[in-house]
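As a plain string of letters, each chain reads:
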Amino acid sequence: MIRVSDIRQKFTDILEQVEQRVLDPYLLKHIETPIIDEDKLLILLSIMDGLELSYKEVKNYCLSTMLIQIALDTHEQNSISSDDEKSRQLTVLAGDYFSGLYYKLLAESEDILVIKALSEGIKEINENKISVYHREADTIDKLMMSIKRIESSLLIKLTEYFQGDAWTEFFENLFFVKRLLTEKKQYLQYGSSLLFEGLKNIIFPYNEQQSTNLSSDQQQDLLMICDRYINKTKQLIEKGKNQFPYLNELLEQRISFILDRAQPIAKTFVEEG
């Protein structure tokens, strides 16, 4: 059984090393703070901690994967960042820099098969990002599947390589819910988000030619669609938890926190005001 103190200590150690590499003082003056998804790091660590790997190997794989994930997220940030040209250029360079750190770490390990597995994940993420940004999906299910693949493909390819397939569906659903909650929050705050623009294109395609504004009923329709996927996926996560004989306490806490945020639409409207 994994002791919580061990997981917590390892998690803190690896997170600090990630932060040392990506939180460059100069870059932070000109770009948004890079996104470090601590839940993805915790999932990675939890999966690998149960394998016959040395801590040095676990740390290297977690660090490498987080760096390339941050690079991908940084490039995605650039697509929705400000119109400041210098900021946009530095954001691109920052993403490229994080990619370079990833390749350097894995090159030093000389683990060609892991590089291949992660490269397949990167390819799948980029393909789905193109599909979402170009609004190629013609059904809601296709759009949602692309969002899910963007969030999880990297981890899926890595866990498949290490034969940790039992985790795949579980964390895929977990990160899907996280992304939907983020998109929903952004839409409620700013009236737009990548997911909701895609939904609008599918449900109200005529609106792009006529007006960018939706009626209150139309906005509520989009929010209810998003909530339907959140609630359905939340049920799958809760069911999936029971299939694991043991989840470390730190991971249990994070899962509970995420699921507690998945509230029905009526409650969301009350809280958001």
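Parameters at a glance
- Residues numbered from 1 in each chain as written.
- Predicted model: local features only at pLDDT ≥ 70, side-chain atom pairs only at ≥ 80, totals over all residues.
- Heavy atoms only, no water.
- Helix = DSSP H or I, 4+ residues; strand = E, 2+ residues; numbered from the N terminus.
- Buried < 20%, exposed > 50% of the residue type's maximum accessible area, 1.4 Å probe, protein only.
- Contact = heavy atoms within 4.5 Å.
- Core = buried A, V, L, I, M, F, W, Y, C linked by side-chain atoms within 4.5 Å.
- 1 Å grid on protein atoms, 1.4 Å probe; cavity = no way out; pocket = protein on both sides within 12 Å on 5 of 7 lines; lining within 4 Å.
- Points joined across faces, edges and corners; volume = space filled by probe spheres on them.
- Nonpolar A, V, L, I, M, F, W, Y, C, P; charged D, E, K, R; others polar.
- Expected span 1.5 Å × (residues − 1).
- Polar contact = N/O pair within 3.5 Å; in protein donor to acceptor, adjacent residues only side chain to side chain.
- Phe/Tyr/Trp six-rings, centres within 6.5 Å; stacked < 30°, edge-to-face > 60°.
- Lys NZ or Arg CZ within 6 Å of the ring centre and 35° of its normal.
- Salt bridge = Lys/Arg side-chain N within 4 Å of Asp/Glu carboxyl O.

### Regarding the overall build of the protein
Thinking step 1. From N to C terminus, the protein includes 13 helices and 0 strands.
Thinking step 2. A total of 273 residues make up the protein; the buried ones form 50% of that total.
Thinking step 3. Considering only contacts within the protein whose residues lie at least 6 apart along the sequence, 72% involve residues at least 24 apart.

### Let's talk about the nonpolar core
Thinking step 1. Ile43, Leu195 and Leu199 are the most contacted members of the largest nonpolar core, which totals 77 residues.
Thinking step 2. Broken down by element, the residue count for this core peaks at 10 residues, all from helix α4 (residues 55-79).

### A short note on the layout of surface pockets
Thinking step 1. There is about 840 Å³ of room inside the largest pocket.
Thinking step 2. Along its surface, the largest pocket is lined by 29 residues, and Ile35, Arg179, Thr182, Glu183 and Gln186 are the ones closest to its centre.
Thinking step 3. For the lining of the largest pocket, the secondary structure elements donating two or more residues are α3 (38-48), α4, α6 (112-133), α8 (168-190), α9 (194-203) and α12 (249-261).
Thinking step 4. Here the lining of the largest pocket gets 8 residues from one element, more than from any other, and that element is α8.
Thinking step 5. The class makeup of the residues in the lining of the largest pocket is 8 nonpolar, 6 polar and 15 charged.

### Concerning α8
Thinking step 1. Compared with the 33 Å implied by 1.5 Å per residue over 23 residues, the 33 Å span of α8 between its first and last C-alpha is a close match.
Thinking step 2. Just past α8, the residue Gly191 takes up positive phi, approximately 80 degrees.

### Section: unusual backbone geometry
Thinking step 1. For Arg135, which is not glycine, the phi dihedral falls at a positive 55 degrees.
Thinking step 2. Within the element layout of this structure, Arg135 appears in the loop between α6 and α7 (140-161).
Thinking step 3. In this structure Arg135 comes out as partly exposed when scored by relative accessible area, which is 34%.

### Looking at the side chain of Asp37
Thinking step 1. Mapped onto the secondary structure, Asp37 falls in the loop between α2 (25-30) and α3.
Thinking step 2. A relative accessible area of 12% means that Asp37 is categorised as buried.
Thinking step 3. At a separation of 3.0 Å, a polar atom in the side chain of Asp37 contacts the side chain of Lys178.
Thinking step 4. Those residues within four positions of Asp37 in sequence are excluded, and the remaining contacts are Met66, Phe175 and Lys178.

### Regarding the packing of aromatic side chains
Thinking step 1. Summed over all chains, the structure comprises 4 aromatic pairs.
Thinking step 2. Between the aromatic rings of Phe171 and Phe175, the centroid separation amounts to 6.2 Å while the plane-to-plane angle is 50 degrees, which identifies the pairing as tilted. Here the residue Phe171 and the residue Phe175 both occupy positions in helix α8, the gap between them amounting to 4 residues, near one helical turn.
Thinking step 3. Take Phe175: its relative accessible area is 0%, and that puts it in the buried class.
Thinking step 4. Among the aromatic residues, those joined into a cluster by ring pairs are Tyr61, Tyr161 and Phe162.
Thinking step 5. Positioned over the ring face of Phe175 is Lys40, at 5.5 Å from the centre of the ring.
Thinking step 6. Here Lys148 stacks its cationic end above the ring of Phe176, 5.0 Å away from the centre of that ring.

### A word on the side chain of Ser64
Thinking step 1. Tracing the chain through its elements places Ser64 in helix α4.
Thinking step 2. For Ser64, a relative accessible area of 0% translates into the label buried.
Thinking step 3. Excluding residues that lie within four positions of it along the chain, Ser64 makes contacts with Tyr102, Leu105 and Leu106.

### So, the pattern of salt bridges
Thinking step 1. Counting across every chain of the model gives 17 salt bridges.
Thinking step 2. A salt bridge links Glu124 to Arg149; the shortest N-O distance between them is 3.6 Å. Separated by 25 residues along the polypeptide, Glu124 in helix α6 and Arg149 in helix α7 bring together distant segments of the chain.
Thinking step 3. Through salt bridges with shared partners, a single network forms among Asp37, Asp39, Lys178 and Arg254.

### Remarks on the environment of Gln218
Thinking step 1. Of note, Gln218 is situated in helix α11 (residues 216-241).
Thinking step 2. Spatially, the C-alpha atom of Gln218 lies 8.4 Å from that of Phe204, the residues being 14 residues apart in sequence.

### Brief notes about α3
Thinking step 1. Most of α3 sits out of view: 10 of its 11 residues are buried.
Thinking step 2. For α3, the side-chain oxygen to backbone nitrogen distance between the N-cap and Asp39 is 3.1 Å, and the N-cap itself is Asp37.

Treat this as a map of the structure, not an account of what it does.
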